[in-house]
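Fold and geometry: a report
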Amino acid sequence: MDFSFTEEQQAAAEAARGVFAGVAPDAVPSPALAQGAVAEDFDRALWARLADADLLSLLLAEEHGGAGLDAVALCLVLREAAGVLARVPLLEHSAALAVLQAYGGQELRSGLLARAGRGEAVLTVAAHGRTGHDPAELAVTARRDGAEWVLEGVQTAVPWAFDVDLLVVPASADGDRTVLAVVPPGQAGVGLAEQYSTSGERLGEVRLDGARLGGRDVVEAAGAWERLRELLTVGTCALALGLGTRVLRMTSEYTGRREQFGHPLATFQAVAVQAADRYIDVRAMEVTLWQAAWRIATQAQGALPVARDVAVAKIWASEGVRRIVQTAQHLHGGFGADVDYPLHRYHAWAKQLELALGPAAAHEEALGDLLAAHQLG
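The structure contained in this document is the topic of the report that follows. All of these numbers come straight from a predicted model, not from anything done at the bench.

This part takes up the overall build of the chain. On a plain count of helices and strands, the chain comes out with 10 helices and 10 strands. Computed over its C-alpha atoms, the radius of gyration of the chain comes to 21 Å, within 12% of the 21 Å expected for a compact globule of 377 residues. In terms of principal-axis extent, the alpha carbons of the chain reach across some 80 × 55 × 40 Å. Burial status across the chain gives 52% buried among its 377 residues. Nonlocal contacts in the chain, meaning residues at least 24 apart in sequence, comprise 73% of its contacts between residues at least 6 apart. Summing over all exposed atoms, the chain offers an accessible surface of approximately 16,400 Å²; the carbon and sulfur share of this is 51%. Averaged over its 31 positive side-chain charges, the chain has a centre that lies 2 Å from the centre of its 47 negative ones.

Here we come to the nonpolar core. Phe-20, Leu-151 and Leu-243 are the most contacted members of the largest nonpolar core, which has 112 residues in total. When residues of this core are assigned to their parent elements, the largest contribution, 15 residues, is made by helix α6 (residues 224-257). By size, the runner-up hydrophobic cluster in this structure holds 5 residues, among which are Ala-311, Ile-315, Ala-360 and Leu-367.

As defined by bridge partners, strand β3 (residues 148-159) adjoins strand β7 (residues 202-214) across 10 bridges and the pair is classed as antiparallel. For Gln-155, the partnering residue across the bridge sits in β7 and is Val-206. Pairing of strand β6 (residues 190-196) with β7, which is carried by 7 bridges, proceeds in the antiparallel orientation. Bridge pairing in β7 links Val-190 to Leu-208.

The next subject is the environment of Ala-311. Examined against the element boundaries, Ala-311 turns out to sit in helix α8 (residues 306-332). Taking relative accessible area as the criterion, Ala-311 reaches 4% and is therefore assigned buried. With sequence-adjacent residues up to four places away left out, Ala-311 is seen in contact with His-363 and Leu-367.

Where helix α3 (residues 71-83) contacts helix α7 (residues 269-298), the two axes come as close as 8 Å, and the packing angle between them is 145°. For the pair formed by α3 and α7, the contact residues are Ala-71, Val-72, Cys-75, Leu-76 and Arg-79 on the first element and Glu-286, Leu-289, Trp-290, Ala-293, Trp-294, Ile-296 and Ala-297 on the second. Of the residues belonging to the contact of α3 with α7, the class tally is 10 nonpolar, no polar and 2 charged.

Below, the discussion takes up the packing of α6 against α7. Remark: α6 packs on α7, axes separated minimally by 9 Å, with the N-to-C direction vectors making an angle of 155°. Between α6 and α7, the interaxial angle falls into the category roughly antiparallel. Here the hand of the crossing between α6 and α7 comes out left-handed. When α6 is examined against α7, the residues Arg-227, Glu-230, Leu-231, Val-234, Cys-237, Ala-238, Ala-240, Leu-241, Gly-244, Thr-245, Leu-248 and Thr-255 are found in contact with a partner set consisting of Val-271, Ala-275, Arg-278, Tyr-279, Val-282, Met-285, Glu-286, Leu-289, Ala-292, Ala-293 and Ile-296. Counted by class, the contact of α6 with α7 contains 16 nonpolar, 3 polar and 4 charged residues.

Take Gln-101: it is sitting in helix α4 (residues 90-103). In this view, Gln-101 contacts Leu-59, Leu-60, Ala-61, His-64, Arg-109 and Leu-113; residues no more than four positions away in its chain are not counted.

The final tally for this structure, using the stated rule, is 5 aromatic pairs. By the ring-pair criterion, three or more aromatic residues cluster together here, those being Phe-42, Trp-47 and Trp-160.

Its 27 residues give α8 an end-to-end C-alpha distance of 39 Å, which sits within 8% of 39 Å, the value for a rise of 1.5 Å per residue. Counting buried positions over the 27 residues of α8 gives 19, a clear majority of the element. Positioned one or two residues after α8, Gly-333 has a phi angle of 65°, which is positive.

A separate point is the pattern of salt bridges. By the definition in use, this model includes 27 salt bridges. Two residues, Asp-145 and Arg-212, come together in a salt bridge whose shortest N-O distance is 2.7 Å. With Asp-145 in strand β2 (residues 140-145) and Arg-212 in strand β7, this residue pair connects regions lying 67 residues apart in the sequence. Across the pair Arg-207 and Glu-205 runs a salt bridge whose closest N-O atoms are separated by 3.0 Å. Bridged by salt links that share partners, the residues Arg-278, Asp-281, Glu-319, Arg-322, Arg-323, Lys-351 and Glu-354 form one connected network.

Calculation notes
- Residues numbered from 1 in each chain as written.
- Predicted model: local features only at pLDDT ≥ 70, side-chain atom pairs only at ≥ 80, totals over all residues.
- Heavy atoms only, no water.
- Helix = DSSP H or I, 4+ residues; strand = E, 2+ residues; numbered from the N terminus.
- Rg over C-alpha atoms; globule rule 2.2 N^0.38 Å.
- Buried < 20%, exposed > 50% of the residue type's maximum accessible area, 1.4 Å probe, protein only.
- Contact = heavy atoms within 4.5 Å.
- Areas by Shrake-Rupley, 256 points an atom, 1.4 Å probe, with all protein chains shown as cover.
- Lys, Arg positive; Asp, Glu negative; His and termini not counted.
- Charge placed at Lys NZ, Arg CZ, Asp CG, Glu CD.
- Core = buried A, V, L, I, M, F, W, Y, C linked by side-chain atoms within 4.5 Å.
- Pairing = 2+ DSSP bridges.
- Axes fitted to C-alpha atoms, helices over the stretch in contact; angles between N-to-C directions.
- Nonpolar A, V, L, I, M, F, W, Y, C, P; charged D, E, K, R; others polar.
- Parallel < 35°, antiparallel > 145°, perpendicular 65-115°, else oblique.
- Left-handed = near helix turned anticlockwise from the far one by under 90°.
- Phe/Tyr/Trp six-rings, centres within 6.5 Å; stacked < 30°, edge-to-face > 60°.
- Expected span 1.5 Å × (residues − 1).
- Salt bridge = Lys/Arg side-chain N within 4 Å of Asp/Glu carboxyl O.

The values are spatial; any link to function lies outside them.
Here it is in structure tokens:
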């Protein structure tokens, strides 16, 4: 096995490190200090720097002004983003563009991809469903009415819904297939209500009440929603890995310099054992993430579908990032709850990532269904 990254993938990660170097996690708005949402918009200045570094068009082909890279490169960039708690819709925007490029019609692609790759149009995805427990594609229905499509239903907890130009909404059509609708949030028949994430960010409840779209704005190709959901899930795992890695480093630095009874905390066996367990979590999160991202990028065949690798990665990401931040809080003592120190922010973000697109239990159930449907041996 070769776990090394290509020169192009490493260059993307290096560019991301340069862009995110100026982001101070302790300056990120804290949910502990805010009534309601921590902010009304994402970090537009950081978004512009990402656009200038060509990191918003990472997965787009050269004909659309992109680098033509893959899910592995995107995950490398997302890992860097989470390490500094970057408040930008990089995952949702990039995943949506990749899927619209692969499955969307020519008219949609030509009118949108290049602009979005430059950051001039911002996209997000409604992937939470009505309650967070039901499949997102069943929360909205789409039916034809002549040359148009009519959308009805509700999607909850849509990230950045108030701040983007377009919402990509999965919808059930004809009772047995899923389409992707590209919806402007300000058009007739679309309503937004405020919700709040664990990290304090403003989410949107999107209500579609007879919203009408032209055929060019609906992606009917089979497999589009499945690919988008896979990219979002593996990207969430990359964010969890970046956050967990940074928190483990913070814990190592703190316990290495904080002394009790004349010795650094890190020299105590009980502390060292807990830190070692969390290091194992990080490495497990890492290897399962890259396996899933590689399967998505290469479409390599295996004994089980790529959904198996995605489920395993999300199980480790959800459980691992939760254990990492809990141990960090424990080993930091009261200092970890100090609002002038960034650890409590990482804790809030970790809880959001743990539950995003389904907690570990949901993916364990999905993995069980896959194993039952594909007899091995």
